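Overview (structure and organization)
Each chain, written out:
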2 protein chains.
Amino acid sequence: MSNMGNQLISNVFKALAHPTRIQIVKLLRNGELCVCDILPNLDSEQSNTSQHLTVLKNQGIVESRKDGSKVIYSIKNKEVYEMIDLVEAIILRQIEETKTSLLK
Amino acid sequence: MSNMGNQLISNVFKALAHPTRIQIVKLLRNGELCVCDILPNLDSEQSNTSQHLTVLKNQGIVESRKDGSKVIYSIKNKEVYEMIDLVEAIILRQIEETKTSLLK
DNA sequence: TTATTATATTAGGAATTTCTAATATAATAA
DNA sequence: TTATTATATTAGAAATTCCTAATATAATAA
């Protein structure tokens with residue numbers, strides 16, 4: 001009934017429940033990046049981006065290491081890409097459905 | 001940069017970002033259920049449960065049909081189960097990591 | 001040193017989500 | 001009819017998330 005597992009699961013989904021955080025994850029698909037290279041690819045202030053990175057890190061989606069004065073982020077659990085692919089499949093099917101229901 | 005696709009993707013994750021909604025999805029794993037059979041399995045008021053079902057329905061995760069005075073819900077896009085399995089894999093790995101880091 | 005670059009943290013307000021309580025609606029039963 | 005069962009909707013308060021602006025910290029450069 002009241003289930004801690006479901007709380008943990010929903011926490012991971014919550015970490016992905018923001019467009020900026022999805023964008024960050026997608027940027028890291030081709031490999032690690034320092035914050036300085038992530039920033040110019042987002043519509044988000046520096047401090048806000050830093051907060052989004054913290055959210056992703058707290059849920060184990062990304063990890064970071066220090067390199068001189070820079071901080072390099074990378075994907076920690078690549079399952080996240082399969083998850084995004086599955087969501088895209090759902091969205092595409094929904095769009096198809098909307099399309100065909102319009103044509104009737 | 002500002003990407004509508006990421007907004008759509010994050011909307012689906014947001015629909016799954018609540019423990020009660022995860023619980024509902026899990027209940028539907030064995031087949032369709034009326035609201036009356038979902039309710040006693042949740043720690044959630046009737047009206048609140050109804051709202052959660054609406055959230056899941058709006059994102060195409062579940063669908064519903066009417067049967068007499070009952071409303072029967074079922075999973076519409078079963079990818080959601082693969083997603084939950086992937087999240088569970090992430091969580092298990094995180095737990096393992098925590099465990100081994102404690103033992104050092 | 002002092003300045004500069006890179007990133008994180010904090011505080012507080014704005015926006016959004018969540019829940020409860022009350023009410024509405026729709027189908028069936030009496 | 002009237003009552004009952006099943007579900008949805010609504011309004012508003014409480015909780016949470018999000019963003020901005022300011023400040024802090026840490027590393028490097030001058």
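For the structure itself, consult the block above.
These remarks concern the structure in this document. These numbers were taken from a predicted model, which means no experiment stands behind them.

How each quantity is defined
- Residues numbered from 1 in each chain as written.
- Chains lettered and ligands numbered in written order.
- Predicted model: local features only at pLDDT ≥ 70, side-chain atom pairs only at ≥ 80, totals over all residues.
- Heavy atoms only, no water.
- Pairing = 2+ DSSP bridges.
- Helix = DSSP H or I, 4+ residues; strand = E, 2+ residues; numbered from the N terminus.
- Contact = heavy atoms within 4.5 Å.
- Buried area = accessible area lost by both parts, 1.4 Å probe.
- Salt bridge = Lys/Arg side-chain N within 4 Å of Asp/Glu carboxyl O.
- Polar contact = N/O pair within 3.5 Å; in protein donor to acceptor, adjacent residues only side chain to side chain.
- Nonpolar A, V, L, I, M, F, W, Y, C, P; charged D, E, K, R; others polar.
- Least-squares fit on C-alpha atoms with pLDDT ≥ 70 in both.
- Near = heavy atom within 4 Å.

Let us now look at the pairing of strand 2 (residues 62–67) of chain A. Two strands pair when backbone bridges link them, and strand 2 of chain A and strand 3 (residues 70–75) of chain A are joined in this way by six bridges, in the antiparallel orientation. Pairing of Lys66(A) across the sheet is with Val71(A), part of strand 3 of chain A.

The next subject is the interface of chain A and chain B. On the side of chain B, 39 residues touch chain A, which itself brings 39 residues to the contact. Both faces combined, the contact of chain A with chain B buries some 3,600 Å², and carbon together with sulfur accounts for 65% of it. In this assembly, chain A and chain B are joined by four salt bridges. In this structure, Lys76(B) and Glu97(A) form a salt bridge, with 2.8 Å as the shortest nitrogen-oxygen distance. On the surface where chain A and chain B come into contact, there are 14 residue pairs in polar contact (both at pLDDT 80 or more). At the level of elements, helix 1 (4–15), helix 2 (19–27) and helix 5 (79–102) of chain A are the ones that each hand at least two residues to the side of chain A that touches chain B. Residue contributions to the side of chain A that touches chain B peak at 13 residues, all from helix 5 of chain A. A per-class count over the side of chain A that touches chain B returns 18 nonpolar, twelve polar and nine charged.

A few words on the relation of the copies chain A and chain B. Aligned on chain B, chain A shows an RMSD of 0.0 Å; the corresponding rotation is 180° and the shift along the axis is 0.0 Å. Both chain copies can therefore be described as sitting about a two-fold axis. A symmetric contact is evident, with 100% of the interface residues of chain A recurring at the interface of chain B.

This part takes up the protein's contact with DNA strand D. Inspection of the region around DNA strand D gives 22 residues, with His52(A), Cys36(B), Gln46(B), Ser47(B) and Gln51(B) positioned closest. For DNA strand D, the backbone portion of the atoms within 4 Å of the protein, that is sugar and phosphate, comes to 57%. Contact between DNA strand D and Asn48(A): a phosphate oxygen at 3.2 Å from a side-chain N or O atom of the residue. With respect to DNA strand D, the backbone of Val71(B) contributes an N or O atom lying 3.1 Å from a phosphate oxygen. Of all the elements in the fold, those that place two or more residues in the surface near DNA strand D are helix 4 (46–58) of chain A together with helix 3 (35–38), helix 4 (46–58) and strand 3 (70–75) of chain B.

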